[in-house]
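# Geometric and topological summary
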Amino acid sequence: MNGAQIKRVLFVSGVPIDLGGIEKTTMEVYRGIDREQLLIDFIVRKPQRGYFHDEIESYGGRIFNLFEDTYHKGNKKWNILMDIYSVFSFYKILKTKGPYSAVHVVYPNLDGFLIIAANIARVPVRIVHSRNTGFDDKKSPNIVRRCIRKLGLFFSKKQATHIWGCSRAACEYMFGKNIMLDKRAEVPQNPVNINKFMNKPFNKSESCKLLNISSEKINFINVARYASQKNQKFLIDFFTEMLKQNDRVHLLLTGPGPLENEIKVYIKKLNIENNVTMLERNTSIPIALAASDYFLLPSLYEGFGNALIEAQAAGIPCFVSDVCQPEPNLGLVEYIPLEKGPKYWANFILSWVEKPDDRIVDITRLMDYEVSNVAPRMQKVYLEGIKYEEARMNKQF
């Protein structure tokens, strides 16, 4: 196909495209679409390069900083003037770098105003996408910031052609409890490279050797950013309780994240450095899962939890907090109330370790998340403006 005929979608990420869950999911879509028909460009708010920037550019994708023409380039404390500027800057990018067949906003509570520019620029497909059921503010936003966020959400909901959530709860959290009654609202599957996790590259012994850990241990893993949402201090607390009862348990943490040093200090304070491995940020997750026996996710809130799909694809039983959503439970997930505390969590998990587990994964539901199925459906939405469910029901996908 001639390059001039290739359509483009503009993905509003806001942050440099790094190793977060949303960014990884987006890159799975990019790898899974037909790049002779569609390319994805990105909008960010800061000049720093992220982990995936080179890969994006290798596909022909472009990354635009909303504040490229300012002296600060986006590296300053956010204020209302920056919100206003970003709308004009976004419109300029749409008109000079387009045309775009779709705009996809993944933080509508932060970037909701940009939908106004997309609407004025007559972008035919305008998607706002809730990816969580909470927000990691470093400190509570003041009343002005809260009002601005609500106003941005109002405009994004009003002028979007598609309203998506990674789960029903995520959709309701961002857009209101009755949003699923809106015909624009849907819950598309998050794309996961299922085969990469089902077809383990190495067995447990080989994987442990690669990670320099013992294969004789009962290995628990937490695949998550070091962030308050992921509740790793609580995880370490109940893991310490488990260690008191069974010295064969070992914990793997992947990160990275803003609380990495804090977590490292906490592990040292509890004197369990020999029982916890903080993996390098470039560690292969399929190998880390192959080295593991159980998966832990005691999050304070969770929009979906892609890592749960990956773990179950690898056949690993999961213990998660009761705030995690029901959608990713494909047969191997156990929910535990956070308020029960560390000792209860330790006892509950160890009781499962000590008995046979004959549960199996629902393969049909698992393959609904396979990127080779999800990416073409999303491509069809981007190019034709149909609903995701309509693309999903097409037997071709």
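That block above? That's the structure.
Moving on: the packing of helix α10 (residues 232–245) against helix α11 (residues 260–269). Between α10 and α11, whose axes approach to 10 Å, the crossing angle comes to 20°. When the axis of α10 is compared with that of α11, the two are roughly parallel. In the crossing of α10 with α11, the sense of the turn from one axis to the other is right-handed. From α10, Gln-232, Lys-233, Ile-236 and Asp-237 reach across to α11, where they touch Glu-262, Ile-263, Tyr-266 and Ile-267. Looking at the contact of α10 with α11 residue by residue, the class counts come to four nonpolar, one polar and three charged.

Attention now moves to the sheet that holds strand β8 (residues 218–222). As summarised here, the arrangement of the six strands in space is β10-β9-β8-β11-β12-β13, forming an open sheet in which the pairing is parallel. This sheet does not close on itself; its edge strands, each paired only once, are β10 (276–278) and β13 (333–336). Mean inter-strand twist for the sheet, computed between neighbouring axes without regard to direction, equals 25°. Both strand β11 (residues 294–297) and strand β12 (residues 318–321) contribute to a ladder of three bridges, which runs parallel. Across the sheet, the residue bridging to Phe-295 is Cys-318, located in β12. Sitting on the sheet, α10 touches β8, β9 (249–253), β10 and β11, and the angle it makes with β9 is about 165°.

Turning next to the environment of Asp-362. Turning to its location among the elements, Asp-362 is positioned in the loop between α14 (341–353) and α15 (363–367). Asp-362 gets classed as partly exposed once you look at its relative accessible area, which sits at 32%. A polar atom in the side chain of Asp-362 sits 3.2 Å from the backbone nitrogen of Thr-364.

Counting buried positions over the five residues of β8 gives five, a clear majority of the element. Residues Ile-218, Phe-220 and Asn-222 line one face of β8 and the alternating positions Asn-219 and Ile-221 line the opposite face, and both faces are buried. A crossover links β8 with its parallel partner β9, the connecting element being α10, and its sense is right-handed. Alignment of β8 against β11, held across two bridges, turns out to be parallel. Within β11, the position partnered with Ile-221 by the bridge is Phe-295.

Time to look at the packing of aromatic side chains. Evaluated as defined, the whole model comprises 19 aromatic pairs. Relative to Trp-345, the ring of Phe-234 lies with its centre 5.5 Å away and its plane at 90°, an arrangement referred to as edge-to-face. Remark: Trp-345 occurs in helix α14 and Phe-234 occurs in helix α10; sequence separation between them is 111 residues. Given a relative accessible area of 0%, Trp-345 falls into the buried group. Between the aromatic rings of Phe-348 and Trp-352, the centroid separation amounts to 6.5 Å while the plane-to-plane angle is 45°, which identifies the pairing as tilted. Taken together, the positions of Phe-348 and Trp-352, both in helix α14 and four residues apart, correspond to about one turn of that helix. With relative accessibility at 15%, the residue Trp-352 sits in the buried group.

Attention now moves to the environment of Ile-116. Examined against the element boundaries, Ile-116 turns out to sit in helix α5 (residues 114–120). Beyond its immediate chain neighbours, meaning those up to four positions away, Ile-116 contacts Phe-155 and Gln-159.

Pairing is parallel in the open sheet, where seven strands are placed in the order β3-β2-β1-β4-β5-β6-β7. Each edge of the open sheet is held by one strand with a lone partner, namely β3 (63–65) and β7 (185–186). Pairing of strand β1 (residues 7–14) with strand β4 (residues 102–105) involves four bridges; the strand directions are parallel. Its bridge partner being in β4, Phe-11 is matched across the sheet by His-104. Against the sheet, helix α3 (residues 80–97) touches β1, β2 (38–44), β3 and β4, its axis set at about 160° to β1.

For helix α1 (residues 21–32), with 12 residues, the first-to-last C-alpha span of 17 Å sits near the 16 Å given by 1.5 Å per residue. Considered for burial, the residues of α1 that qualify are Ile-22, Glu-23, Thr-25, Thr-26, Met-27, Glu-28, Val-29 and Tyr-30. Of the surrounding elements, those touching the buried residues of α1 are β1, β2, α2 (53–58), α8 (194–198), α13 (306–313) and α16 (371–384).

Criteria and cut-off values
- Residues numbered from 1 in each chain as written.
- Predicted model: local features only at pLDDT ≥ 70, side-chain atom pairs only at ≥ 80, totals over all residues.
- Heavy atoms only, no water.
- Axes fitted to C-alpha atoms, helices over the stretch in contact; angles between N-to-C directions.
- Helix = DSSP H or I, 4+ residues; strand = E, 2+ residues; numbered from the N terminus.
- Parallel < 35°, antiparallel > 145°, perpendicular 65-115°, else oblique.
- Left-handed = near helix turned anticlockwise from the far one by under 90°.
- Contact = heavy atoms within 4.5 Å.
- Nonpolar A, V, L, I, M, F, W, Y, C, P; charged D, E, K, R; others polar.
- Pairing = 2+ DSSP bridges.
- Buried < 20%, exposed > 50% of the residue type's maximum accessible area, 1.4 Å probe, protein only.
- Polar contact = N/O pair within 3.5 Å; in protein donor to acceptor, adjacent residues only side chain to side chain.
- Right-handed = clockwise from strand over helix to strand, strands pointing away.
- Phe/Tyr/Trp six-rings, centres within 6.5 Å; stacked < 30°, edge-to-face > 60°.
- Expected span 1.5 Å × (residues − 1).

No statement about biological role is implied by the geometric values presented.
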